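# Notes for the structure review
The residues making up each chain are set out below.
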Amino acid sequence: MPAKHAAIVGAGIAGLTAALALARRGISSEIFEQAPELTEVGAGLQISPNASRILAELGVLARLTDAWLEPDSIQLISGTSLRRLAAVPAGSFARARWGAPYGVLHRSTLQQTLLDAVANEPLCQMHLGAQIKGRPTQTYLRPDRKWIFGTGSSRIYYYKYFEPADGVMVDVHVYELEPNTFRLQRHVFAERARWEPALNAWIFQDGWWRDFKNGTESAFTPFKGQTSTFAEMKEPPSYFLKEVKQDKQMNFEEAWQHLNCQGKLDPFRIS
Ligand SMILES: Cc1cc2nc3c(=O)[nH]c(=O)nc-3n(C[C@H](O)[C@H](O)[C@H](O)COP(=O)(O)OP(=O)(O)OC[C@H]3O[C@@H](n4cnc5c(N)ncnc54)[C@H](O)[C@@H]3O)c2cc1C
């Protein structure tokens, strides 16, 4: 049955755009934003033609083009010598080549324009000061990637998609590090990995692993069309749902505990 109603967490650029896009398809939405009010946050943004085309379809582009700067070209300049390294034509070229403009503006201008459009859309309902709590934070610094430390912090998992209910990861990499030097010992890749509770192990499918000695690759073992398991990788699907706080989110006690658990630093010596 097609969805009729959606909940959106966050009234940033993505949340507001998603609400408008859903409304165009007749799907109503409620947006839950933790901030009590949306004020000017962020810096300059460039909007490339692939994005401006969508903003045009959502009926907000005309207001943006009144406020933004549409440069004739994008110049890549060396930070040390100020020499021009490269240039890409924009302006009328972008409109002719990609059928949509390229422009630069402040993030808050885009957010406010989207916000006004959402306010005028009866299918969208905004809730400010509404924080969604208790969901695990999975990402470290890059929200588009999922880097997770395994137990003991000498194993790092990276996956593109993760479906905890089925215990499946897609495009998964596992990096085994030497615990003292953090040198890469083994890199495992698989197109898919499935948790097998009976074996208490991940079954990796269609992939390879590379072993390293003193920083140089010593063996390459492909398993295309086959599966492989690694006894040491015992982190079950639930492990990847645990909350991992970023350093800025920790209070003093949590930060101290974190450093102690890592066993790498003595907090008393940090001045
Ligand atoms: C320095 C810098 C330059 C950039 N330049 C460009 C650029 O030139 N062009 C470009 O396209 N992109 C650029 N980006 C990226 C762009 O800013 C982001 O991709 C975009 O803002 C992400 O939008 P978002 O809605 O996903 O997240 P955000 O804009 O961060 O919004 C997330 C919202 O969710 C709310 N929220 C979070 N957690 C909860 C919760 N639990 N409950 C309720 N609400 C919650 C937050 O309060 C926030 O309002 C840049 C980013 C940076 C940092």
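Residue numbers run consecutively from 1 along every chain, following the written order of its sequence. Two thresholds apply to this predicted model, a pLDDT of at least 70 for residue-level local features and 80 or more for giving and counting side-chain atom pairs, whereas whole-chain, interface and lining totals are computed over all residues.

## So, the sheet that holds strand S9 (residues 155-163)
Taken in spatial order, the 6 strands line up as S8-S9-S10-S11-S12-S13 in an open sheet, and their pairing is antiparallel. Edge positions in the open sheet fall to strand S8 (146-149) and strand S13 (216-229), since each of these has one partner strand only. When strand polarity is set aside, the average angle formed by the axes of neighbouring strands in this sheet is 20°. A pair of strands is considered paired only if DSSP assigns at least 2 bridges between the two. Counting from the N terminus, the helices are the DSSP runs of H or I reaching at least four residues and the strands are the DSSP runs of E reaching at least two. Two strands pair when backbone bridges link them, and strand S12 (residues 201-213) and S13 are joined in this way by 10 bridges, in the antiparallel orientation. Where helices are involved, their axes are fitted lines through C-alpha atoms of the stretch in contact, as for all axes, and angles between N-to-C directions lie from 0 to 180°.

## Overview of the packing of helix H1 (residues 13-24) against helix H5 (residues 107-119)
Two numbers describe how H1 lies on H5: the axes approach to 9 Å, and their chain directions differ by 30°. Between H1 and H5, the angle is such that the two are roughly parallel. The element H1 and its partner H5 pack so that their crossing is left-handed. Residue-level inspection shows Ile13, Leu16, Thr17, Ala19 and Leu20 of H1 in contact with H5, the latter providing Leu110, Gln111, Leu114, Leu115, Ala117 and Val118. Angles below 35 degrees are treated as roughly parallel, those above 145 as roughly antiparallel, those between 65 and 115 as roughly perpendicular, and all remaining angles as oblique. Throughout, a crossing is termed right-handed when the near helix is turned clockwise from the far one, and left-handed when it is turned anticlockwise from it by less than a right angle. By the convention adopted here, residues are in contact when the distance between their C-beta atoms, placed from the backbone, does not exceed 7 Å.

## Here we look at the site of the ligand
A molecule or strand has a residue near it when that residue's C-beta atom, placed from backbone coordinates, lies within 6 Å of it. Around the ligand sit 17 residues in total, of which Gly10, Gly12, Ala14, Gln34 and Gln46 are the nearest. Going through the elements one at a time, H1 and strand S3 (44-47) are the ones with two or more residues in the shell around the ligand. Counting residues per element, the shell around the ligand draws most heavily on H1, which supplies 3 residues. Taken together, the residues that form the shell around the ligand break down as 9 nonpolar, 6 polar and 2 charged. Side-chain classes are defined by residue name, with Ala, Val, Leu, Ile, Met, Phe, Trp, Tyr, Cys and Pro counting as nonpolar, Asp, Glu, Lys and Arg as charged, and the others, Gly among them, as polar.

## Description of the sheet that holds strand S7 (residues 124-127)
Taken in spatial order, the 3 strands line up as S1-S2-S7 in an open sheet, and their pairing is parallel. For this open sheet the edge positions go to strand S1 (5-9) and S7, each flanked by a neighbour on one side alone. Within this sheet the neighbouring strands show an average axis-to-axis angle of 15°, counted without direction. In terms of strand pairing, S1 meets strand S2 (residues 28-32) through 5 bridges, oriented parallel. Opposite Ala6, over in S2, you have Ser29 as the bridge partner.

## Let's talk about the confidence of the model for the chain
Values of pLDDT, which run from 0 to 100, indicate the predictor's confidence residue by residue. Taken residue by residue, the chain gives an average pLDDT of 85. The fraction at 70 or more is 85%. The model gives residues 136-144 a pLDDT under 50, and that stretch makes 14 contacts with residues more than four places away or in other chains. Here residues 264-271 is a poorly scored stretch, pLDDT under 50, and it has 4 contacts once near neighbours within four places are set aside; other chains count.

## Points about the environment of Phe93
Among the secondary structure elements, Phe93 is positioned in helix H4 (residues 91-98). Once C-beta atoms are placed from the backbone, each residue is buried if 20 or more other C-beta atoms lie within 10 Å of its own, exposed if 12 or fewer, and partly exposed for counts between those two. Classification of Phe93 by C-beta neighbours within 10 Å gives partly exposed; the count is 13. Spatially, the C-alpha atom of Phe93 lies 8.0 Å from that of Asp72, the residues being 21 residues apart in sequence.

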